[in-house]
Amino acid sequence: MEHERECVAEEYRMRKSYRIAVIPGDGTGPEVVAEGLKVLEAASANFDFGLDLHHYDLGGERYKRTGEVMSDETLEELRKYDAMYLGAIGHPDVKPGILEQGILLKIRFRLDQYINLRPVKLYPGVDTPLKDKGPEDIDFVVVRENSEGLYAGAGGILKRGTPDEVAIQESINTRKGVERCVRFAFEYCRKRNKMKKVTLCGKTNVLTFAFDLWERTFYEVAKEYADIKTDYAHVDAACMWMVKNPEWFDVIVTDNMFGDIITDLGAMIQGGMGIAAGGNINPRGVSMFEPIGGSAPKYTGLNVVNPLAAIMAGQMMLEILGEDAAALAVEKAVMKVVGEKVKSLSAGKMGYSTKEVGDLVAGLI
Ligand code: IPM
Ligand code: MN
């Protein structure tokens, strides 16, 4: 008995446990996060790691109630977690910009989550609006710079509301910021080990300062990766190729603004916001994982939105935490559910409720 107790204690000590900050957020965020956690708990039970979850009440509801968006103390607390899991931020009664800047962008910038990693992968059985394209054609990832560019907040407005008003919004691109992003893309491409090709997406023909820096940095870094092919596409052409020949892409690296735009297009070709997930990554710090679809206020509380994007965000989190086997099991379970169970990935058309989809995936882990 004594011995048994010791063994249990030993096992308990050995078992890894991750401290996760959970931010369910607004709208349907809490509903999809609940299903994501259901799946993560199932993975934890089957793959022998612990989850130490701490919920944070952040978002539009809280802002309306208390007048506070997110304090610096909260931000400092978040810094100490192993990872963060986010539902959605955005509220119809709150002026656009307040929550985005005060929560989402503040976390990304201040925790230096300088990569926004967004896989675009079409699973078998999922409808894509691209005629004649299938899972073998749509499998790439976008590495979006996540800490500078037009998002840095540089610029200002003069003589606002007068006929002479001037608005300036500058794109900040630093050698350090661009280089670490480009380097991440090459490293990730090598690890992915698929086509072994990195495409720089820019606009060198017009944005001749910013993308001059990007282009030079890209080809300099590329010299260190002789095993990886390089390619370039202007952002407008990249949109065209993503629709016409998505099979040309393996890893796309781009700046913050272009990355924001092309990943919504990417989400659509992989089956929509119901499945698209992303990670805000600081390779040496705390990273945050989120479904990229937003808070979908009109569906709030109806138990009809698709939780698979949130579940896949959890899957990405497991990968970053180094729980590769668990991550693979979650992806397989999701593939089975999209391939054999749900009728559609769209809210209200799945043939199952939000909770039932969570149960289906969790039951397969
Ligand atoms: C995204 C979102 C955010 C962005 C908004 C909500 C600030 O669109 O994560 O893509 O523009 O980055
Ligand atoms: Mn976006």
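Residues numbered from 1 in each chain as written. Chains lettered and ligands numbered in written order. Predicted model: local features only at pLDDT ≥ 70, side-chain atom pairs only at ≥ 80, totals over all residues. Heavy atoms only, no water.

1. Observations regarding helix α5 (residues 98–110)
Leu104 marks the point of greatest bend in α5, at about 30°. Looking only at α5, the buried set comprises Leu99, Gly102, Ile103, Leu104, Leu105, Lys106, Ile107 and Arg108. Backbone geometry just downstream of α5 places Asp112 in the positive-phi region, at approximately 50°. (Bend = angle between axes of the 7 residues up to and from the residue. Helix = DSSP H or I, 4+ residues; strand = E, 2+ residues; numbered from the N terminus. Buried < 20%, exposed > 50% of the residue type's maximum accessible area, 1.4 Å probe, protein only.)

2. Digging into the pattern of salt bridges
Two side chains with opposite charge may pair up if their charged atoms get near one another. Inspection of the entire model under this criterion finds 28 salt bridges. A salt bridge links Glu247 to Lys133, with the nearest nitrogen and oxygen atoms 3.2 Å apart. Placement of Glu247 in the loop between α8 (235–244) and β10 (251–254) and of Lys133 in the loop between β4 (115–121) and β5 (139–145) is noted, with a sequence separation of 114 residues between them. Taking the relative accessible area as the measure of exposure, Glu247 reaches 24% and is therefore partly exposed. Across the pair Glu179 and Arg175 runs a salt bridge whose closest N-O atoms are separated by 3.0 Å. Of this pair, Glu179 and Arg175 both sit in helix α6 (residues 175–192), separated by four residues, roughly a single helical turn. Given a relative accessible area of 22%, Glu179 falls into the partly exposed group. Taken together, the shared-partner salt bridges connect Arg175, Glu179, Arg183, Glu220 and Glu224 into one network. (Salt bridge = Lys/Arg side-chain N within 4 Å of Asp/Glu carboxyl O.)

3. Observations regarding the site of ligand 1
Taken together, Glu100, Leu104, Arg108, Arg118, Arg144, Tyr151 and Asp260 make up the full set of residues near ligand 1. A distance of 2.6 Å separates an oxygen atom of ligand 1 from a polar atom in the side chain of Tyr151. When ligand 1 is considered free in solution it has 320 Å² of accessible area, and contact with the protein chains removes 74% of it. Here the shell around ligand 1 takes three residues from α5, the largest share from any one element. Of the residues belonging to the shell around ligand 1, the class tally is two nonpolar, no polar and five charged. Here the shell around ligand 1 gathers at least three residues from each of two domains, domain 1 (1–112 + 284–365) and domain 2 (128–270). (Near = heavy atom within 4 Å. Polar contact = N/O pair within 3.5 Å; in protein donor to acceptor, adjacent residues only side chain to side chain. Areas by Shrake-Rupley, 256 points an atom, 1.4 Å probe, with all protein chains shown as cover. Nonpolar A, V, L, I, M, F, W, Y, C, P; charged D, E, K, R; others polar. Domains from an automatic or database assignment.)

4. A word on unusual backbone geometry
Even without being a glycine, Asp48 presents a positive backbone phi close to 60°. Tracing the sequence through the fold places Asp48 in the loop between α2 (29–47) and β2 (50–55).

5. Here we look at the domain arrangement of the chain
Here the chain is described as being made up of domain 1 (1–112 + 284–365) and domain 2 (128–270). Taken together, the contact pairs six residues of domain 1 with nine residues of domain 2. Interface area, domain 1 with domain 2, both sides summed: about 650 Å², of which 50% is carbon and sulfur. In this structure, Asp112 and Arg180 form a salt bridge, with 2.9 Å as the shortest nitrogen-oxygen distance. At the boundary of domain 1 and domain 2, one finds one residue pair in polar contact (both at pLDDT 80 or more). Of the residues belonging to the side of domain 1 that touches domain 2, the class tally is three nonpolar, no polar and three charged. (Contact = heavy atoms within 4.5 Å. Buried area = accessible area lost by both parts, 1.4 Å probe.)

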